[in-house]
Amino acid sequence: MLIKDTDREWEKFGTQDPYFGVLADEKFRTRRLTDAGREEFFQSGRNHIQEVLKKVKEHVDPVFTVRRALDFGCGVGRLVIPLSEVSEEVVGADVSPAMLAEAGRNCRSRSITNVELRRTDDDLSALPDDFNFIHSFIVFQHIPVKRGERIFASLLSRLADGGVGVVHFPYAKMPDVNWFRALIALAKRYVPLARNFIHLIRGRSFFTPYMQMNHYDLNRLFFIMQAHNVHRVVTEYIVDGRFLGVILYFQKGNTA
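All values reported here derive from a predicted model rather than from experimental measurement.

Cut-off values and rules
Counting of residues starts from 1 at the beginning of each chain's written sequence and follows it residue by residue. pLDDT decides what is reported in this predicted model: residues at 70 or higher carry local features, side-chain atom pairs at 80 or more are listed and counted, and totals for whole chains, interfaces and linings draw on all residues regardless. The side-chain quantities take in all heavy atoms of the structure and omit both hydrogens and water. An axis is simply a line fitted to the C-alpha atoms; with a helix, the fit covers only the stretch in contact. Between two such axes, the angle follows the N-to-C directions and lies from 0 to 180 degrees. Segments assigned H or I by DSSP are reported as helices when at least four residues long, segments assigned E as strands when at least two residues long, and all are numbered from the N terminus. Contacts are assigned to residue pairs that have any heavy atoms within 4.5 Å of one another. Strand pairing is defined by DSSP finding a minimum of two bridges between the two strands. The buried label goes to any residue with under 20% of its type's maximum accessible area, the exposed label to any with over 50%, and the partly exposed label to all in between, with areas taken from a 1.4 Å probe on protein chains only. Helices are assigned an expected span. That span is 1.5 Å times one less than the residue count. Here is the rule for angles: anything less than 35 degrees is roughly parallel, anything more than 145 is roughly antiparallel, 65 through 115 is roughly perpendicular, and the remaining ranges are oblique. What makes a crossing left-handed is the near helix being turned counterclockwise from the far one by less than a right angle; a clockwise turn instead makes it right-handed.

(A) How the structure looks around the packing of helix α1 (residues 6-16) against helix α5 (residues 97-109). One way to put it is that α1 packs onto α5 with a least axis distance of 7 Å and a crossing angle of 35°. Only P97, A98 and M99 of α5 make contact with α1, whose side of the interface consists of W10, E11, F13, G14 and T15.

Rendered as structure tokens:
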């Protein structure tokens with residue numbers, strides 16, 4: 001019984017556990033989040049953006065400069081905030097109004113004025129065109145694959161010629177060698193209310209939101225990129241738990 005309305009579940013995370021919804025570590029749960037934990041959370045975002053932009057210059061475009069950036073699936077602003085320090089304009093996009101509200105509070109507390117936060121749909125109809133940098137990390141795994149492919153195509157259509165994209169996708173899931181965990185996973189996926197009762201057993205709320213995990217066909221992603229005039233792609237392999245993934249670094253159009 002895979003939940004199809006992932007937007008509703010994500011709004012629950014935004015309301016109940018926004019920081020855990022972004023980074024699924026128990027120390028970022030609302031009831032456990034300390035000032036030191038919050039600083040660690042945002043420092044991880046600064047480290048990530050620094051590393052991403054370093055790799056863009058090393059492997060994609062040595063003279064690239066971020067001017068107009070989009071962070072898709074921005075959550076509470078973990079990556080929007082460091083992007084605001086290196087870009088003229090930043091748009092943070094998310095499906096959850098509660099996440100966007102928290103991101104807004106985080107930006108205002110830092111006196112950030114060059115960030116705009118927008119709620120999105122599958123066509124990204126609320127977003128402008130001609131970004132020169134598009135970024136998304138640990139987001140598409142929570143979106144059903146068909147929806148995710150459509151959104152990815154919409155993102156590429158908003159990337160200007162010469163613009164750079166950095167987008168993460170899981171592509172495979174390693175089998176669970178623990179038969180009991182595998183059985184629990186099957187029950188949570190297919191047995192009505194099983195995941196709710198498992199939450200109770202683990203001391204959580206019966207209505208704890210469900211974090212869906214999906215993986216994508218890389219062939220289809222490459223097809224979508226080529227159809228949108230992307231001719232240069234560098235892949236970086238990463239592992240997130242039992243999910244194998246890639247970060248795609250790419251540049252759109254002919255920049256010669």
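Next, the rest of the story.
(B) Region of interest: the sheet that holds strand β4 (residues 131-136). Spatially, β3-β2-β1-β4-β5-β7-β6 is the arrangement adopted by the seven strands of the open sheet, whose pairing is mixed. One side of each edge strand has no neighbouring strand; the edge strands of this open sheet are β3 (115-119) and β6 (230-240). For this sheet, the mean angle separating the axes of adjacent strands, direction not counted, is 20°. Packed on one face of the sheet, helix α3 (residues 35-59) meets β4, β5 (159-173), β6 and β7 (243-252) and runs near 125° to β4. Along the sheet, helix α9 (residues 218-227) contacts β5, β6 and β7; its crossing angle with β6, the most-contacted strand, is approximately 150°.

(C) Representation of unusual backbone geometry. The backbone of S111 sits at a positive phi, close to 60°, despite the residue not being glycine. Inspection of the secondary structure assignment puts S111 in the loop between α5 and β3. With a relative accessible area of 61%, S111 lands in the exposed category.

(D) Region of the structure containing α3. A rise of 1.5 Å per residue sets the reference length of α3, with its 25 residues, at 36 Å; its end C-alpha atoms lie 36 Å apart and thus fit the reference within 8%. Every buried residue of α3 is listed here: G37, F41, F42, G45, R46, H48, I49, V52, L53, K55 and V56.

(E) Here's a closer look at the packing of helix α6 (residues 145-157) against α9. One way to put it is that α6 packs onto α9 with a least axis distance of 10 Å and a crossing angle of 25°. With respect to α9, the element α6 is oriented roughly parallel. Pair α6 / α9 crosses with right-handed handedness. Where α6 approaches α9, its residues K146, E149, F152, A153 and L156 are matched on the opposing element by R220, L221, I224 and M225.

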